[in-house]
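A closer look at the structure
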Amino acid sequence: MLTIEKGSFPKDFLWGSASAAYQIEGAWDKDGKSPSVWDKFVRIPGKTFKGTTGDVAVDHYHRYKEDIALMAEMGMKTYRFSIAWTRIYPNSMDEVNQKGLDFYQDIIDVCLENGIQPMITLYHWDLPQYLQDAYRGWESRQIIEDFEKYAVTLFKEYGNKVKYWITMNEQNIFTRLGWQSAQHPPGLSDEDKLHYQVNHHAFLAHAKAVEKFHEIVADGMVGASFAFHPSYALDTKPKNVLAKHDFDDLKNYWWMDVYAYGRYPRAAMKYLESKNIAPKIQAGDFELLKSASEKVDFMGVNYYRSDVVEHNPEDGVDNSGIVNVSGKKGTSTETGMAGIYKSPLNPHLPTTDWDWTIDPMGLRIGCREITSRYDLPIIISENGLGAFDKLEEDKSVHDPYRIKYIQEHLKQIKMAIDEGSDIIAYCTWSFTDLLSWLNGYQKRYGFVYIDQSEYESNPSLNRYKKDSYYWYKNIIETDGEAIWE
Ligand code: BG6
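In this report, the structure presented in the accompanying data block is examined.

Cut-offs used in this document
Residues numbered from 1 in each chain as written. Predicted model: local features only at pLDDT ≥ 70, side-chain atom pairs only at ≥ 80, totals over all residues. Heavy atoms only, no water. Near = heavy atom within 4 Å. Polar contact = N/O pair within 3.5 Å; in protein donor to acceptor, adjacent residues only side chain to side chain. Areas by Shrake-Rupley, 256 points an atom, 1.4 Å probe, with all protein chains shown as cover. Buried < 20%, exposed > 50% of the residue type's maximum accessible area, 1.4 Å probe, protein only. Helix = DSSP H or I, 4+ residues; strand = E, 2+ residues; numbered from the N terminus. Arc of directions from axis to C-beta. Contact = heavy atoms within 4.5 Å. Pairing = 2+ DSSP bridges.

Attention now moves to the site of the ligand. As a structural note, the neighbourhood of the ligand is formed by 15 residues, with Gln23, Glu170, Ser436, Lys443 and Tyr445 the closest of them. A distance of 3.4 Å separates an oxygen atom of the ligand from a polar side-chain atom of Tyr304. Contact distances for the ligand include 2.7 Å between an oxygen atom and a side-chain N or O atom of Lys443. Out of a free accessible area of 370 Å², the ligand has 91% covered by protein chains.

As structure tokens, then:
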């Protein structure tokens, strides 16, 4: 439609970057922190690339001042980070760990002193292991009350300083990989019924937190971050177009409709009921979901790729395809839901070394869809390119591919804004390099290179600015105008 391919972003646009506690902090057993499900899971042989762990990660726990100083020098306006539940309530839900609270209090203060708005994610997958052991974590309704308590603690502690809050990071991903494909904790596969039950509990936990949020945090904004996969039907065959609708209901709207409307998509629910895998819903659940949906302030979007959708026969591919965690291009295989859809590669688009489709326009299409369907402000809470980077002898890192990736996505965001989407923030994934859960340290996302590697025993953990660092600095300085250069 309307495309104005020039101009700058709104003056108050939040230019930022995002991270997650487990992927950057390290200090996995320091200052009272207890193990999370990830601390345990990474110790199971074969679960992560070359057995990498977040024990040290990129040592942000000890170097956060240096990292935030680099953000400030760049001119970043917001920094999205997650809080490790295991630092706040390390041993039980009855006892708060002051050292954990102080650590994040200081991060917030240092950000604010540098003109950076903190954006907090409550849950980025690192559930305390003791809750998993006590009642199997997300599989029990007990998690709803515990999550609410954890959330309220953080709202009370930091709500006077932090305006932007994200309840859940990619509920669709941690539940799929945890209960359907065994790639994340608790490492279960084909547990379809449990997968939807776990999701129902996570929705209720999110809803309880949202309900409390506006009572405690004046002028704050709250929402969830969803890993959105905008989709294209393979062609005009009605079967493939129907498969696209099924994909959207089952893979996108199942989450976004609950956050925004407090209800599940009907066709998807009918399908789950027919397979006897629908979640058990108790009296009052929908009232809570509906009430919270009316209090949600934005849709958080993590966008990396779009999907092509094709009809999948009953004996077709399922979830168990090969996932490329090595960076050897072309090693992943097709996945889908037997009898419903499968997702072939898009022949019109390039892919990363990890076989992720690169589709900047898909982000614009996704924002347009959210605007039409939900009419909510949008925070792009993650977007970025995982790539192999090389530290040169003079300590420079030349990453023109990352610059191009972010630049093309920003152009599409600007056009989506011009077309009416209310996009208020853009957080790249990520600011520094970090641990890529299953892919080790070699899959790099940052503007700042960190000397950390699965191939060396004692890397220095020194920080080095990449070319993209200087490029993004200029983008921020020009309010985005420089994306057109
Ligand atoms: C998102 C997560 O799924 O994508 C991040 O919120 C993650 O935690 C990012 O790191 C990139 O995925 P990956 O698998 O390349 O690390």
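Next up on the list: helix α12 (residues 285-293). Three or more residues of α12 are buried, namely Asp285, Leu288, Leu289, Ala292 and Ser293. Projection of α12 onto a plane perpendicular to its axis shows the buried side chains occupying an angular sector of 130°, all on one side. Where α12 is buried, its residues meet α9 (192-216) and α10 (238-261).

Turning next to the sheet that holds strand β8 (residues 307-311). Taken in spatial order, the 4 strands of this open sheet run β6-β8-β10-β9, and their pairing is mixed. In this open sheet, the two edge strands, each paired with only one partner strand, are β6 (231-233) and β9 (336-337). In the sheet, β8 pairs with strand β10 (residues 341-342) via 2 bridges, with the strands oriented antiparallel. If you follow Glu310 over to β10, its bridge partner there is Lys342.

Burial analysis of strand β5 (residues 221-227) places 7 of its 7 residues in the buried class, the great majority of the element. By the bridge criterion, 3 bridges tie β5 to strand β7 (residues 299-302) in an arrangement that is parallel. Bridging across to β7, Ser225 finds its partner in Gly300.

No statement about biological role is implied by the geometric values presented.
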